[in-house]
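Now for the letters of each chain:
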Amino acid sequence: VQLVESGGGLVQPGGSLRLSCTASGFTFSSYHMTWYRQAPGKEREFVAHVTNDGGNTNYAASVKGRFTISRDNAKNTVYLQMNSLKPEDTAVYYCNAIRVFASYWGQGTQVTVSS
């Protein structure tokens with residue numbers, strides 16, 4: 001079982017990034033997917049969630065209207081499109097796959113928003 005995040009990096013305030021999380025070793029389409037983030041010295045926090053079929057999404061208030069979560073079950077990949085980035089979005093971003101009695105995490109990808 002593996003979840004591999006990519007797409008992080010350094011971006012200026014107001015810029016955009018698209019994160020990807022590619023899964024292997026399990027039936028991706030059976031799992032709901034969630035993005036979390038953890039800033040230095042802070043607890044890990046919820047960012048965005050998409051159901052297994054992509055039919056429903058929800059977002060943290062701090063990112064709603066700026067971030068978009070989506071998935072492509074044919075590619076075993078979930079995405080996080082991040083627009084209008086702010087310095088407070090700086091964190092390590094993690095993807096999580098979850099269903100009843102099972103939960104998997106990726107290793108994280110660093111996003112730094114700075115001028």
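Placed above this text is the structure.
Residues numbered from 1 in each chain as written. Predicted model: local features only at pLDDT ≥ 70, side-chain atom pairs only at ≥ 80, totals over all residues. Heavy atoms only, no water.

K.L.:
Mind laying out the overall build of the protein chain, listing which residues take part and the relevant values?
P.N.:
A count of helical and extended segments in the protein chain gives 0 helices and 11 strands. Secondary structure elements of the protein chain, listed N to C terminal, follow the sequence β-β-β-β-β-β-β-β-β-β-β. Projected onto its principal axes, the C-alpha positions of the protein chain cover 40 × 25 × 25 Å. Looking at the protein chain as a whole, 41% of its 115 residues are labelled buried. Excluding contacts between residues fewer than 6 apart, the proportion of contacts in the protein chain whose partners are at least 24 apart in sequence is 52%. In the form shown here, the protein chain has an accessible surface area of approximately 5900 Å², with 47% of it arising from carbon and sulfur atoms. The centroid of the 10 positive side-chain charges in the protein chain is displaced by 3 Å from the centroid of its 7 negative side-chain charges. (Helix = DSSP H or I, 4+ residues; strand = E, 2+ residues; numbered from the N terminus. Buried < 20%, exposed > 50% of the residue type's maximum accessible area, 1.4 Å probe, protein only. Contact = heavy atoms within 4.5 Å. Areas by Shrake-Rupley, 256 points an atom, 1.4 Å probe, with all protein chains shown as cover. Lys, Arg positive; Asp, Glu negative; His and termini not counted. Charge placed at Lys NZ, Arg CZ, Asp CG, Glu CD.)

K.L.:
Describe the pattern of salt bridges, with residues and values.
P.N.:
Once the charged atoms of two side chains with opposite charge are near each other, the side chains can pair. Inspection of every chain in the model, using the stated rule, returns 3 salt bridges. Notably, a salt bridge pairs Arg37 with Asp89, separated by 2.9 Å at the nearest N-O pair. Pair noted here: Arg37 is in strand 4 (residues 32–38) and Asp89 is in the loop between strand 8 (77–82) and strand 9 (91–99), with a separation of 52 residues, a long-range link. Taken individually, Arg37 and Asp89 each receive the classification buried, so the pair is uniform in this respect. Overlapping salt bridges, with partners in common, bring together Arg37, Glu45, Arg66 and Asp89 in one network. (Salt bridge = Lys/Arg side-chain N within 4 Å of Asp/Glu carboxyl O.)

K.L.:
Lay out unusual backbone geometry with the relevant residues and their values.
P.N.:
Positioned with a positive phi, Asn76 is a non-glycine residue whose angle comes to about 55°. The residue Asn76 is located in the loop between strand 7 (67–72) and strand 8 in this model. Residue classification places Asn76 among the partly exposed positions, given a relative accessible area of 27%. One non-glycine residue with positive phi stands out, namely Phe101, at about 70°. Relative to the elements of secondary structure, Phe101 occurs in the loop between strand 9 and strand 10 (102–105).

K.L.:
Run through the state of the cysteines, naming residues and quoting values.
P.N.:
For the coordinates displayed, the defined rule picks out 1 disulfide. Between the sulfur atoms of Cys21 and its disulfide partner Cys95 the distance amounts to 1.9 Å. With the S-S bond torsion at 50°, the cross-link from Cys21 to Cys95 turns out right-handed. Note that Cys21 is positioned in strand 3 (residues 17–24) and Cys95 in strand 9, a separation of 74 residues in sequence. An identical accessibility class is assigned to Cys21 and Cys95; each is buried. (Disulfide = S-S within 2.5 Å.)

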